[in-house]
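# Topology and contacts: notes
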Amino acid sequence: MPAGTVLLSSRAPIGKVAIAGTPMCCNQGFKNLICSDQLNNRYLYRYLKSQTAYLNSLGRGATFKEISKPIVENIRIPLPPLHVQLEIADILDQVSILLEKRKTQIDKLDLLVKSRFVEMFGDPVRNPMGWEVKRLDEICENLDSQRIPITSSDRVEGPYPYYGASGITDRVADFIFNEDLLLVSEDGANLLVRATPIAFSVSGQIWVNNHAHVLKFADKAMQTYVEHRINRIDISMYITGTAQPKLNQAQLNSFAIPLPPLPLQTRFADFVRATDKSKLTMQRDLNKLELLYKSLVQKMFL
C-alpha cells in the first residue's frame, strides 16, 4: 500500500486508526483505505477516530469480532467539499498536537519526581545510605478494620469518593475517613503489572472498601516518602494467590523501609507538593483541551 493510506484495525481491537508514513504491507487484521481525490486522508483519519464505539458495534463473529470488507465499504461518512475537509483536519490536528504536548509535560513531571527520589535517597532497594530500617507497621497505623465495602446495588450516589484498589471507583453519600491517609492496593493484577501506582495518598472525607489497605502516618512528609518508595520497589515476593494476586496485611506490614532523616523526607515532600501543583494545573489544561476536542468532533462530524 502507498504512503498516506489510512489503516483501520478490523479485528480486536476494532477501531484503531493510523496513516501509513511510508509504503508498507499489513496483515488481514487491517483494512487499507486509499482515498480518492474527493476525500482527504487526514479528514478520514479524524472521522474514523471519532467513531470507535460505532465501529465496534459493527463487529461480527463468535470467537472474536471483526468488521469485514463489505461492512467497511458500507460505512457512510459526511463528505463536505475538499477545502472544508482540510480545514477540519487542520483544526483537529492542531488541538491533538496540543493534547499530546500537555500529556508529555505531565509524564515528564512524573519522571522528574522519580529522578529526585533517587537523587535524594539512592536506589530504593539497596539502601546505599545505610539508613536505619524499620518494618512498615512500626512507622504507621493500619486502619484496615475500619474499612466497609458497599456492593454496587447498595451504594447511594453522593459527593464523597469511594476508593478501591486502584483509586476512585464511585462516589457515595457518606464517608468513613476524614484525614490524610496512604492507600495501598490489596488485590488485583496491577500489584504485579504496576500499570498505575499501587500506593496513593488521599485526603479529606472519603469511603474505602476492602480492596485497599489504609495506613495513617503521624507525619505527612513520611507518608509521602513511603508512598514513593513503595511505588518504586519490586513487591512480587510479597504477593500471594494465582488467579487473583493479593497483598495481605501481614505481608504489607513486613515491608522493610529505610528511614532517612526527617528533614530530608520533608524536603522531598515539599518538592513533590510543588510538582503536584504544577501537574494539577497542566491536568486542568488537558481536561479543557479534551473537552474542546470532543466538542469540535461533535460539531464537525455528528
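Residues numbered from 1 in each chain as written. Predicted model: local features only at pLDDT ≥ 70, side-chain atom pairs only at ≥ 80, totals over all residues. Heavy atoms only, no water.

## Brief notes about the pattern of salt bridges
Heads up, the rule is: By definition here, a salt bridge exists when the distance from a side-chain nitrogen of Lys or Arg to a carboxyl oxygen of Asp or Glu is within 4 Å. Numbering goes from the N terminus for both helices and strands, where a helix is a DSSP run of H or I of at least four residues and a strand is a run of E of at least two. Only protein chains enter the calculation, and the probe is 1.4 Å; a residue is then buried if its accessible area is under 20% of its type maximum, exposed if over 50%, and partly exposed in between.
Within the structure shown, the criterion is met by 14 salt bridges. Aspartate 285 is the salt-bridge partner of arginine 102, the closest N and O atoms lying 3.3 Å from each other. In this pair, arginine 102 is assigned in helix α4 (residues 82–121) and aspartate 285 in helix α8 (residues 262–301), connecting sequence segments 183 residues apart. Given the relative accessible area of 28%, aspartate 285 is considered partly exposed. Shared partners join several salt bridges into a network, and the residues in it are Arg42, Arg46, Asp90 and Asp93.

## Concerning the pairing of strand β3 (residues 30–33)
To keep it simple, the criterion reads: Two strands qualify as a pair provided DSSP detects at least 2 bridges between them.
Because side chains alternate across β3, one face comprises the buried residues Lys31 and Leu33, and the other comprises Phe30 and Asn32, none of which is buried. In the sheet, strand β1 (residues 6–9) pairs with β3 via four bridges, with the strands oriented antiparallel. Its bridge partner being in β3, valine 6 is matched across the sheet by leucine 33.

## A closer look at the sheet that holds β3
The line we're drawing: Axis lines are fitted to C-alpha atoms, over the contacting stretch for helices. Their N-to-C directions set the angle, which ranges from 0 to 180 degrees. Between two residues, a contact is recorded if the distance between any of their heavy atoms is within 4.5 Å.
Judged by pairing direction, the sheet is antiparallel, and its three strands sit side by side in the order β2-β1-β3 without closing on themselves. The open sheet is flanked by β2 (17–19) and β3, the only strands paired with a single partner. Within the sheet, the average angular offset between the axes of one strand and its neighbour, ignoring direction, is 20°. Those strands touched by helix α1 (residues 41–49) are β1, β2 and β3, and its axis lies near 165° from that of β2.

## Topic: α4
Test applied: Working rule for helices: expected span equals 1.5 Å times residues minus one.
In this model α4 runs 58 Å from its N-terminal to its C-terminal C-alpha over 40 residues, within 8% of the 58 Å that 1.5 Å per residue would give. Of the residues flanking the end of α4, it is glycine 122, one or two places downstream, whose phi is positive at about 80°.

## Section: the packing of helix α6 (residues 220–230) against α8
Going by this rule: Angular relationships are summarised with four words: roughly parallel below 35 degrees, roughly antiparallel beyond 145, roughly perpendicular across 65 to 115, and oblique for the angles in between. Gly counts as polar in this scheme, as do all residues outside two lists: the nonpolar Ala, Val, Leu, Ile, Met, Phe, Trp, Tyr, Cys and Pro, and the charged Asp, Glu, Lys and Arg.
In contact at an axis separation of 8 Å, α6 and α8 are set at 75° when each is read in the N-to-C sense. Comparing their axes, α8 and α6 come out roughly perpendicular. Residues Ala221, Met222, Thr224, Tyr225 and His228 of α6 pack against Gln265, Thr266, Phe268, Ala269 and Val272 of α8. Here the residues of the contact of α6 with α8 sort into six nonpolar, four polar and no charged.

## With respect to unusual backbone geometry
Positive phi outside glycine occurs at asparagine 127, with the angle close to 55°. Tracing the chain through its elements places asparagine 127 in the loop between α4 and β4 (133–135). The class for asparagine 127 is buried, based on a relative accessible area of 15%. Phi is positive for arginine 194, close to 60°, though the residue is something other than glycine. Counting through the fold element by element, arginine 194 comes out in the loop between α5 (190–193) and β10 (199–202). Judged by its relative accessible area of 24%, arginine 194 falls in the partly exposed class.

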